[in-house]
Amino acid sequence: MTTSAAAGTATPQDTDVIVIGGGTGGYSTALRAAALGLRVVLAERDKVGGTCLHRGCIPSKAMLHAAELVDGIAEARERWGVKATLDSVDWPALVATRDDIVARNHKGVESHLHHAGVQVVRGSARLTDTRTVRIEGAGSFTARRGIVLATGSRPRTLPGLDPDGRRVVTSDDALFAPGVPDSVLVLGGGAIGVEYASFHRSMGAEVTLVEAADRLVPLEDTDVSRHLTRGLKKRGIDVQTGARLESAELLPDGIRATVRTSRGEVRTIEADRLLVAVGRTPVTDGLDLAAAGLATDERGFVAPADWSRLETSVPGIHVVGDLLPPPSLGLAHASFAEGLLVAETLAQVASPPVDYAAVPRVTYSSPQTASVGLTEAEARARDHDVVVDSMPLTAVAKGMVHGQGGVVKVVAERGGRVLGVHLVGPNVSEMIAESQLIVGWDAEPADVARHIHAHPTLSEAVGETFLSLAGRGLHQR
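No experiment lies behind these values; they were computed from the predicted model shown.

Peer 1: Whenever I open this one, the packing of aromatic side chains confuses me. Can you help?
Peer 2: The description of an aromatic ring pair rests on the distance of the ring centres and on the angle between the ring planes. Applying the stated criterion across every chain, the model contains three aromatic pairs. Ring geometry for Tyr27 against Phe336: centres 5.9 Å apart, planes inclined by 65°, an arrangement best described as edge-to-face. With Tyr27 in helix 1 (residues 24-35) and Phe336 in helix 7 (residues 332-346), the pair connects residues that are 309 residues apart, well separated along the chain. Tyr27 sits in the buried class, given a relative accessible area of 14%. On the basis of relative accessibility, which here comes to 32%, the residue Phe336 falls in the partly exposed class.

Following this line, the structure appears as structure tokens:
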């Protein structure tokens, strides 16, 4: 059921649950709560699906798949003797395919909500007290069980350098800028910045990637960062870590930036486009949190008082998705789990808290990274007696076939459970599910070593690493 905010005909009504925000966290909460027999109102001022579906995860991965195809043509010619050539990229056709994928997913989400009986109300929502929400153009709704805040986040921007959708773009609008520039400066070496740097390089752009930390993807294991950086540099991306943007100015057809490198040198970089990927900030404007006795923390997050229920200091008001501070990860798949937890809590169904240590993290660049659990440094900082083993992907036949390098690294307690698994290489995003179970179920290397990995596959390197940790390795030196 959908109520049009424009009609303005809705009257105040009671319901069980009100969800504010229809992104991954919001709509998963709504769907699960409805499946448990609760009446749900979902307020969304834009489109259900949120950033992930319309501006992030789905369209970006569609574009990255196209980039893989472009890279594959070059590999076919240069490595395999397949006399293939790339005439050009038909940008409008590529965009049309991307948009079709997004549209079909959007239609699917709307259909699921409709068939589940969720009442989707279009319009901006704000709290008026601890149980009541007013939705623009649709009136007030009172929640008997609770309210769920799921309003997501937006990209951070640079002071004095507003995005214009052409010369300066953020991750929200980079995919929708016209065509591929000849050159791009990517500011930010986290997962988002690395993915966009990888995409633009595949499409033929000269790319400079600038990260203020001393390594790319600084939240990942140091060996992941090292192998990723090596792979990106091998592709011709100019990676500058420990570097800072000192100034940037708009030119008629691009930007001019001044960057101070890790060695203290000052570089002037001119590029057709500056892509700002320096993180995201929670969206709470217009929510009127104070009306319900809530406030954000100093970083803008709405922190739960009870992480096992994701419930705020106000009983009955819960938070999911990008509004949550760490240890929540700001990942779409984590918000699905958060939505399930909150919905089941509101329905008074026993639900395990989200195990953030067992949430996989993926960077969909070329090469890809995928990890779950603790890094080696984190494990040592927590006083674990750590044992580490690793294996290059090229040590197995399928890794040689792919020819992109990469590594499997496992961090475990000496004589105990697996603490973390870290992968770099081709298609490792499709290999991390096994490791999620290993870490999430507190498996020991010997438990994993019992299981046989198919040959020839990249996953053999995972299996061989665990065999080695269990003292049964065949191919490790």
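Peer 1: What am I meant to see in the layout of surface pockets here?
Peer 2: Unfilled space is identified by rolling a water-sized probe across the atoms. Within this model, the second largest pocket holds a volume of roughly 940 Å³. Listed by contribution, the elements that provide at least two residues to the lining of the second largest pocket are helix 3 (57-78), helix 5 (191-202), helix 6 (222-234) and helix 9 (397-402). In terms of residues, the lining of the second largest pocket owes the most to one element, helix 3, which gives nine residues. In the lining of the second largest pocket, the residues fall into seven nonpolar, 11 polar and nine charged.

Peer 1: Any chance you could explain the state of the cysteines here in plain terms?
Peer 2: In a disulfide, the sulfur atoms of two cysteines are held together by a covalent bond. Taken as a whole and assessed by the stated rule, the structure comprises one disulfide. Residue Cys52 pairs covalently with Cys57 via a disulfide, S to S 2.4 Å. Across the S-S bond linking Cys52 and Cys57, the dihedral sits near -130°, which makes this disulfide left-handed.

Peer 1: Even after reading the chapter, I still don't get the pattern of salt bridges, so can you show me in this structure?
Peer 2: Between side chains of opposite charge, pairing is possible as soon as their charged atoms come close. Enumeration over the complete set of coordinates arrives at 31 salt bridges. The shortest N-O distance in the salt bridge between Glu270 and Arg256 comes to 2.9 Å. Here the residue Glu270 occupies a position in strand 15 (residues 266-271), and Arg256 occupies one in strand 14 (residues 254-260), the gap between them amounting to 14 residues. Overlapping salt bridges, with partners in common, bring together Asp221, Asp223, Arg226, Glu376, Arg380 and Lys409 in one network.

Procedures and definitions
- Residues numbered from 1 in each chain as written.
- Predicted model: local features only at pLDDT ≥ 70, side-chain atom pairs only at ≥ 80, totals over all residues.
- Heavy atoms only, no water.
- Phe/Tyr/Trp six-rings, centres within 6.5 Å; stacked < 30°, edge-to-face > 60°.
- Helix = DSSP H or I, 4+ residues; strand = E, 2+ residues; numbered from the N terminus.
- Buried < 20%, exposed > 50% of the residue type's maximum accessible area, 1.4 Å probe, protein only.
- 1 Å grid on protein atoms, 1.4 Å probe; cavity = no way out; pocket = protein on both sides within 12 Å on 5 of 7 lines; lining within 4 Å.
- Points joined across faces, edges and corners; volume = space filled by probe spheres on them.
- Nonpolar A, V, L, I, M, F, W, Y, C, P; charged D, E, K, R; others polar.
- Disulfide = S-S within 2.5 Å.
- Salt bridge = Lys/Arg side-chain N within 4 Å of Asp/Glu carboxyl O.

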